[in-house]
Amino acid sequence: MKSRVGSILTLIGAIFTFVVAGVILLMMIFFGGLLGLSDKLGNGIRLELVMGIFAGLFVLFLIGGILKIYASRLMMDKKKVVRGGIMAIILGLFVSDIFSLIGGIIAVVQGNK
């Protein structure tokens, strides 16, 4: 039995993950501008570390969103519902997303019927 509700909740979680990745990208652009401004002023402010952290978080959330979409697609296949649910639970814990976590739990429960 495929899990439509779990799939939709996981997709909502993926959309929120992409929104967070977009906010992180905007923060990278902002701090990149500050980095250029600090170089011109010669203040010696080091923002490269902050840029590296934001770049890492951006990639993490982008990959997490893509994998959540994949988990949502797995939930729509009758034979792979539990696999998609477990994947959504792990990603929901890893990226701290309640929608994917609940969607994964629903998919695992419906897949074991």
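Please refer to the structure higher up on the page.
What you are looking at is a predicted structure, and each value in this text was computed from that prediction instead of being measured.

Asks: In this structure, what is going on with helix α4 (residues 98-111)? I would like to understand it.
Replies: Residues that lie three or four places apart on an α-helix share one face, since the helix turns once every 3.6 residues. Its 14 residues give α4 an end-to-end C-alpha distance of 20 Å, which sits within 8% of 20 Å, the value for a rise of 1.5 Å per residue. Put simply, D97 is the residue that caps the front of α4, since its side-chain oxygen is 3.3 Å from the backbone nitrogen of F99.

Asks: Help me understand a nonpolar patch on the surface, please; the structure alone is not making it clear to me.
Replies: Taken together, the side chains of I8, I12, F16, I98, F99 and I102 define a hydrophobic patch exposed on the protein surface, amounting to about 510 Å² of accessible area. Looking at the nonpolar patch, the elements that each hand over two or more residues are α1 (4-41) and α4. Its place among the elements puts I102 in helix α4.

Asks: Would you explain the packing of aromatic side chains in this entry?
Replies: The description of an aromatic ring pair uses the distance of the two centres, along with the angle that the planes make with each other. Under the counting rule described, the total for this entry stands at one aromatic pair. Between F16 and F99, the aromatic rings sit 5.4 Å apart at their centres with planes inclined by 35°, giving tilted as the arrangement. Within this pair, whereas F16 is found in helix α1, its partner F99 is found in helix α4, the two being separated by 83 residues in sequence. F99 sits in the partly exposed class, given a relative accessible area of 31%.

Asks: How should the packing of helix α3 (residues 81-94) against α4 be read in this particular structure?
Replies: For any two helices packed against each other, the geometry comes down to the angle between their axes and how far apart the axes lie. Look at α3 against α4: their axes get within 7 Å of each other, and the N-to-C directions meet at 155°. Put simply, α3 runs roughly antiparallel to α4. In this structure, the crossing between α3 and α4 has a hand that is left-handed. Along the contact surface, α3 presents V81, V82, G85, I86, A88, I89, G92 and L93, while α4 presents S100, L101, G104, I105, A107, V108 and G111. The class makeup of the residues in the contact of α3 with α4 is ten nonpolar, five polar and no charged.

Basis of the calculations
- Residues numbered from 1 in each chain as written.
- Predicted model: local features only at pLDDT ≥ 70, side-chain atom pairs only at ≥ 80, totals over all residues.
- Heavy atoms only, no water.
- Helix = DSSP H or I, 4+ residues; strand = E, 2+ residues; numbered from the N terminus.
- Expected span 1.5 Å × (residues − 1).
- Polar contact = N/O pair within 3.5 Å; in protein donor to acceptor, adjacent residues only side chain to side chain.
- Patch = residues over 30% accessible without salt bridge, like charges linked within 9 Å, V, L, I, M, F, W, Y side chains within 5 Å.
- Areas by Shrake-Rupley, 256 points an atom, 1.4 Å probe, with all protein chains shown as cover.
- Salt bridge = Lys/Arg side-chain N within 4 Å of Asp/Glu carboxyl O.
- Phe/Tyr/Trp six-rings, centres within 6.5 Å; stacked < 30°, edge-to-face > 60°.
- Buried < 20%, exposed > 50% of the residue type's maximum accessible area, 1.4 Å probe, protein only.
- Axes fitted to C-alpha atoms, helices over the stretch in contact; angles between N-to-C directions.
- Parallel < 35°, antiparallel > 145°, perpendicular 65-115°, else oblique.
- Left-handed = near helix turned anticlockwise from the far one by under 90°.
- Contact = heavy atoms within 4.5 Å.
- Nonpolar A, V, L, I, M, F, W, Y, C, P; charged D, E, K, R; others polar.

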